[in-house]
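# Secondary and tertiary structure notes
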Amino acid sequence: MTGSLGLYLVIILILALFIWAAPWQVLAAIGGYLVLYWLIGRNSGGGFRERRREKKAREEERKRLAMEAEEKRLRDMNHIHVVAAVIHDNKDRIFVTQRGYGDMKGKWEFPGGKIEADETHEEALKREIREELAAEITIERYLEKIEWDYPKFRMTMYCYLCHLDSGYTLKEHSAARWLKRNERFTVDWLLADRTLFLKAMF
C-alpha cells in the first residue's frame, strides 16, 4: 500500500511539473503513456493472479494423485484372495452370518475366508466352512468374482453356490440367518458381499 501511494505521488508531481512548463503535445503524450502503463500493469496483475491460482490448483491435483497412488500401492500390498459360500436351501433361502470380531464386527456376510497358497478355491471353501460352521457342503457351481477396495486392503472374492450336507455350529460368527429372497437387503451387509446381488443371479 505504501509503495503504491509513493508511485501515485511521483506521478502527480511529474504531471504538475509538466503542466506548468511543457507544451500541451508533450503533456498529451506523457498522459497517454501513463494511462497505457496503468492498463498494462492492471492486466498483468490479473494475469499473475490467474497464473498463481492455476499453479496452486495444479499443485493440489498433483498432491491428490500422489496420495491416491500411495493408497493404491498400500492396498495392493494387502491384496487378499478369499472364497465365499452362497449356501441355499430348497425353500429358496440363503444362509448368511454376522461377524463377531474385528473392524467389521456386526456386518453380515457369506461364510468363507482366505485361500491358502497350496489350496484350490474349492478346497479352501470347504476348509473354511468346517472351521467357521463345523459343517460339510456340496459346491454346486461358480457364481462370480467380486473385486473390492476396502480402506486398508484390496479383496478379490470368488463366490460359489453351495448347499449344506449337515447341520452347523457357529464357531466364529455371532449370529446366522436364513434369508428369503425378499429379505436379502434387510441386513447390514459388508459392501463386497452386498455387491454380489447386483452381479450374480441366484
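Notes on the structure in this doc start here.

Cut-offs applied
Residues numbered from 1 in each chain as written. Predicted model: local features only at pLDDT ≥ 70, side-chain atom pairs only at ≥ 80, totals over all residues. Heavy atoms only, no water. Helix = DSSP H or I, 4+ residues; strand = E, 2+ residues; numbered from the N terminus. Expected span 1.5 Å × (residues − 1). Buried < 20%, exposed > 50% of the residue type's maximum accessible area, 1.4 Å probe, protein only. Contact = heavy atoms within 4.5 Å. Core = buried A, V, L, I, M, F, W, Y, C linked by side-chain atoms within 4.5 Å. Phe/Tyr/Trp six-rings, centres within 6.5 Å; stacked < 30°, edge-to-face > 60°. Pairing = 2+ DSSP bridges.

It is worth spelling out helix α3 (residues 121-133) at this point. For α3, spanning 13 residues, the distance from its first C-alpha to its last is 18 Å, which sits close to the expected 18 Å at 1.5 Å a residue. Listing the buried residues of α3 in full gives A124, L125, R127, E128, I129, E132 and L133. Those residues of α3 hidden inside the fold are in contact with β1 (79-88), β2 (94-98), β4 (112-114), β5 (137-149) and β6 (154-164). A134 lies just past α3 and shows a positive phi near 50 degrees.

So, on to the nonpolar core. Ranked by size, the top nonpolar core spans 22 residues in total, and within it V86, I94, V96, F110, M157, C159 and W189 carry the most contacts. Secondary-structure elements contributing two or more residues to this core are β1, β2, β5, β6 and α4 (191-199). The dominant element in this core, judged by the number of residues it contributes, is β6, at four residues. Counting 15 residues, the second largest nonpolar core, distinct from the first, contains A85, A124, I129 and L164.

Time to look at the packing of aromatic side chains. Counted by the stated rule, this structure contains six aromatic pairs. Geometrically, the ring pair formed by F110 and W189 is tilted, given 5.1 Å between the ring centres and 40 degrees between the ring planes. Of this pair, F110 sits in the loop between β3 (108-109) and β4 while W189 sits in the loop between β7 (175-179) and α4; the two residues are 79 residues apart in sequence, bridging distant segments of the chain. Assessed through its relative accessible area of 3%, F110 is described here as buried. One aromatic cluster is present, built from ring pairs that chain together F95, Y168 and W178.

Now for the pairing of β1. The pairing of β1 with β6 spans nine bridges and is parallel. Considered in β6, the bridge of A84 is made with C159. Here β1 pairs with β4 via three bridges, running antiparallel. Opposite V82, over in β4, you have K114 as the bridge partner. Note that β1 and β2 share two bridges and pair antiparallel. Looking at the pairing, I87 lines up with F95 of β2. The antiparallel hairpin formed by β1 and β2 contains five residues in its connecting segment, where D92 sits at a positive phi of about 60 degrees.

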